[in-house]
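Now for the letters of each chain:
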Amino acid sequence: MSTVTKSTVTTAKPVAKMKSRSQGQEAWRRLKKNKGAMLGLAFLILLVIVAIASGYIFDYETDVIGINPAEKLQKPSAQHWFGTDNLGRDIFARVLYGSRYSLIIGVGSVFIGLVIGVLCGALAGYYGGMVDQVVMRINDMLYAVPNIMIAVVIVSLFGTSTFNLLLSLCVTVATAFTRIARASVMTIRQQEFVEAAYAMGLPTWKVIFKHILPNCLSPIIVQATLSIGTTIINASSLSFLGIGIPSPAPEWGAMLSEGRNFIRNSGYICVIPGLAIMFTVLALNLLGDGVRDALDPKLKK
Amino acid sequence: MGRYLLKRLLLMIPVVLITSLVIFGAMNLTGGDPALALAPDNATEAQVEMIREELGLNDPFIVRYLKYMGGMLKGDLGTSYVTNKDVFKTYMQRLPNTLELGCASVFVAVLIAIPLGIYTAINQNTWKDNVGMVFALFGVSMPNFWLGLMLVLLFSLKLHWLPSSGRNGLASLILPALTVGMGLAALITRTTRSSMLDVLRQDYMRTARAKGADERRVIFRHGLKNALIPIITVIGMQLSNVLTGSVLAETVFAWPGVGRLIFDSISKRDTPMVTGCIILSCVLMSLVNVLVDVLYAFFDPRIKAQYVRRER
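Keep in mind that what you see is a predicted model, and the values were worked out from it rather than measured.

**Side note on the overall build of chain B**
Scanning chain B for helices and strands turns up 14 helices and zero strands. The order of helices and strands in chain B, counted from the N terminus, is α-α-α-α-α-α-α-α-α-α-α-α-α-α. By principal-axis analysis of the C-alpha atoms, chain B measures approximately 85 × 65 × 30 Å. In chain B, which comprises 312 residues, the proportion classed as buried is 49%. For chain B, long-range pairs separated by at least 24 residues make up 72% of all intrachain contacts whose partners lie at least 6 apart in sequence. Entry remark: accessible area of chain B is about 15,800 Å², with carbon and sulfur atoms responsible for 64%.

**Notes on the environment of Leu-165 of chain A**
Inspection of the secondary structure puts Leu-165 of chain A in helix 9 (residues 162-189). Once you skip the residues sitting within four places of it in the chain, Leu-165 of chain A turns out to touch Ile-105, Val-155, Leu-238, Gly-244 and Ile-245 of chain A.

**Some points on a nonpolar patch on the surface**
Residue and element names in this part refer to chain A. A grouping of Phe-111, Ile-112, Val-115, Ile-116, Leu-119, Trp-205 and Phe-209 is seen on the molecular surface, where their side chains present a nonpolar patch of about 670 Å² in accessible area. Where the nonpolar patch is concerned, the elements lending two or more residues are helix 6 (91-127) and helix 11 (204-212). Residue contributions to the nonpolar patch peak at five residues, all from helix 6. On the secondary structure map, Trp-205 appears in helix 11.

**Observations concerning the layout of surface pockets**
All names here are of chain B. Taken as a whole, the second largest pocket holds about 540 Å³ of empty space. The wall of the second largest pocket is formed by 21 residues, among which Leu-55, Gly-78, Thr-79, Tyr-81 and Pro-272 lie closest to the centre. Elements supplying a minimum of two residues to the lining of the second largest pocket: helix 3 (45-55) and helix 4 (61-73). The element best represented in the lining of the second largest pocket is helix 4, accounting for four residues. The residue inventory of the lining of the second largest pocket, partitioned by class, reads nine nonpolar, seven polar and five charged.

**Considering the nonpolar core**
Across soluble globular proteins, nonpolar side chains show a tendency to be buried alongside one another. If you look at the biggest cluster of nonpolar residues, it comprises 150 residues, and the most contacted ones within it are Val-152, Ile-212 and Leu-256 of chain A together with Leu-149 and Ile-188 of chain B. When residues of this core are sorted by domain, at least three fall in each of domain 1 (2-73) and domain 2 (96-256) of chain B. Discounting chain neighbours no more than four positions away, the residues touching Val-152 of chain A are Leu-238, Leu-241 and Ile-243 of chain A together with Phe-263 and Ile-266 of chain B.

**Let's talk about the domain arrangement of chain B**
Here chain B is partitioned into domain 1 (2-73) and domain 2 (96-256). Distance between the C-alpha centres of domain 1 of chain B and domain 2 of chain B: 39 Å.

**Some remarks on the interface of chain B and chain A**
Each partner contributes residues to the interface: chain B has 36 residues there, and chain A has 34 residues. It is Phe-145, Trp-146 and Phe-263 of chain B in chain B that bury the most area against chain A; as a group they hold 18% of the surface buried on that side. On inspection of chain B and its partner chain A, the count reaches one salt bridge. Close ionic contact of Asp-289 of chain A with Arg-190 of chain B constitutes a salt bridge, the shortest N to O distance being 3.4 Å. At the junction of chain B and chain A, the tally comes to five residue pairs in polar contact (both at pLDDT 80 or more). Among the secondary structure elements, those contributing two or more residues to the side of chain B that touches chain A are helix 1 (2-29), helix 6 (127-141), helix 7 (144-158), helix 10 (215-243), helix 11 (247-252) and helix 12 (258-267) of chain B. Of all the elements, helix 7 of chain B adds the most residues to the side of chain B that touches chain A, at six residues. In terms of residue class, the side of chain B that touches chain A is made up of 23 nonpolar, nine polar and four charged.

**Quick notes on the pattern of salt bridges**
Residue and element names in this part refer to chain A. Counting across every chain of the model gives ten salt bridges over all chains. Arg-29 is the partner of Glu-26 in a salt bridge, and the nearest nitrogen-oxygen pair spans 2.8 Å. Highlighted residues: Glu-26 and Arg-29, both in helix 3 (residues 23-33), separated by three residues, approximately one helical turn. Look at Arg-29 and you get partly exposed, because its relative accessible area is 23%. Between Glu-26 and Arg-30 there is a salt bridge, and its shortest N-O distance comes to 3.4 Å. With Glu-26 and Arg-30 both in helix 3 and four residues apart, the pair spans about one turn of that helix. A residue is classified by how much of its surface remains accessible, and Arg-30, at 21% relative accessible area, is partly exposed. Through salt bridges with shared partners, a single ionic network connects Glu-26, Arg-29 and Arg-30.

**A look at the packing of aromatic side chains**
Residue and element names in this part refer to chain A. With the rule as written, the count across this model stands at four aromatic pairs over all chains. Between the aromatic rings of Tyr-126 and Tyr-127, the centroid separation amounts to 5.2 Å while the plane-to-plane angle is 85°, which identifies the pairing as edge-to-face. Classification of Tyr-127 by relative accessible area gives partly exposed; the value is 48%. The cationic tip of Arg-100 hangs over the ring face of Tyr-97; the distance from NZ or CZ to the ring centre is 5.0 Å.

Reading guide: rules and limits
- Residues numbered from 1 in each chain as written.
- Chains lettered and ligands numbered in written order.
- Predicted model: local features only at pLDDT ≥ 70, side-chain atom pairs only at ≥ 80, totals over all residues.
- Heavy atoms only, no water.
- Helix = DSSP H or I, 4+ residues; strand = E, 2+ residues; numbered from the N terminus.
- Buried < 20%, exposed > 50% of the residue type's maximum accessible area, 1.4 Å probe, protein only.
- Contact = heavy atoms within 4.5 Å.
- Areas by Shrake-Rupley, 256 points an atom, 1.4 Å probe, with all protein chains shown as cover.
- Patch = residues over 30% accessible without salt bridge, like charges linked within 9 Å, V, L, I, M, F, W, Y side chains within 5 Å.
- Salt bridge = Lys/Arg side-chain N within 4 Å of Asp/Glu carboxyl O.
- 1 Å grid on protein atoms, 1.4 Å probe; cavity = no way out; pocket = protein on both sides within 12 Å on 5 of 7 lines; lining within 4 Å.
- Points joined across faces, edges and corners; volume = space filled by probe spheres on them.
- Nonpolar A, V, L, I, M, F, W, Y, C, P; charged D, E, K, R; others polar.
- Core = buried A, V, L, I, M, F, W, Y, C linked by side-chain atoms within 4.5 Å.
- Domains from an automatic or database assignment.
- Buried area = accessible area lost by both parts, 1.4 Å probe.
- Polar contact = N/O pair within 3.5 Å; in protein donor to acceptor, adjacent residues only side chain to side chain.
- Phe/Tyr/Trp six-rings, centres within 6.5 Å; stacked < 30°, edge-to-face > 60°.
- Lys NZ or Arg CZ within 6 Å of the ring centre and 35° of its normal.

Below, the structure is given as structure tokens:
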């Protein structure tokens, strides 16, 4: 069954056919040539290693949230590379440990948002008519409200918790995926291989999942990479406003929110967590742009 | 054009109805009792009950909603549970601050982004282009509130050039406007560049050059003018976002804007204030969107022609 799909794709991309590489291999080959994307990828791999390792290197109770008033507000030194905060906690340890929150929240809410968004978008694009109208009008409404506001409303109404934070962030993500999935499905629905799949007697859900969706993967993958970056910024913004991850946890935005009160004399407290957010998001954006160019070379001229 | 505008303005009515229902419903149906929050700590149950009665919280939801909407038709958006002040007046007190910051940041953004976008597009794939694009990339990757903190650190605390917070004259506007504006600039730069790149490839650009128009004229009159529509779209989107208040920048700079007002009211469960402010923000955003549509027609005769045809 899937051979029908694949052959259509390969004929659409003559380059891939000529060198008899799969579409994925071909994209990877192009991606490897993109220095920015590789730099981003390397940084992200490093970050994932750091996030995993920090759980073993640092003891959460003592190194990360343990209060040590004797060493408070120390400037960066050999002992405390990034200095210490107002409660004497080592900022280096906290920033490294904080990568866990950003990565989990970023990937988590994008994943949930992707599943919801792609489902809604695929249904809207496939069935059209009433379903399309209802899904898209709700989508328009959510799209019109600035995404921080949606998150603020959800989190303040349902209370601050990591789950509610995930939920509030994935709403924004889902709207983007709905739009993309709908547009791709609408263009693909008309093609012959979909008709062929039908003619072979497949049920609708199977046609959507096995034949239509695999063919709109590229824009979805690109959007996913870029969304993780935006979501990490949004998550840290909410923590900065005091309604994201609750206090002692070393989430980067929360660290900035606390550090802000000491910016007058200890400005360094506010520098590092922000740099951490920026480089993470930068890496994701570099990778996302690279993946887009690799998956759709026509776009890059 | 006139009929189209009227239609757009009438379309705002269902938007207001739906938004008010959603916000009012969400604020009412999810836990939290404003009466409890308002009552002094040592209040008896009877006193709390009295406050509840006074605020009309004992009525069923639908009655409260209808009462609220009835008031709105008369131009009364209710009074705040917390401060007991008129919602409309409170919003209007904050609005000029938000408009000031919003317009200033969009101005900063346009001032940076459009020249940069054109410049990078003309120098596509050279090091100049790369530098510009890296700038834009950093711009979208930076959390806005952090940029604000860094600007405060540099310009207020190290150099002592500008005030770090509050709203007091032009000097206090610079840092907040830069903070919000830089974030917007990144996106507008990218849009300007890609839109210009599309236009630069067109045949009429070659024709203009062949006719001997000088390069500046070619770029601005023939190029930019045709590239403007997507740019206006992005600017309009940003503007309507900024008008609901940039709650982050307002937090960093203690700027008394609408964003902070809404944020604080949500955390205090001040239902009339939240509902009123969001409805007013929606109306404002719709107005901006209509304005953007009018601008389309102004810059693109093809779009103008459509309106004219439709009216015939």
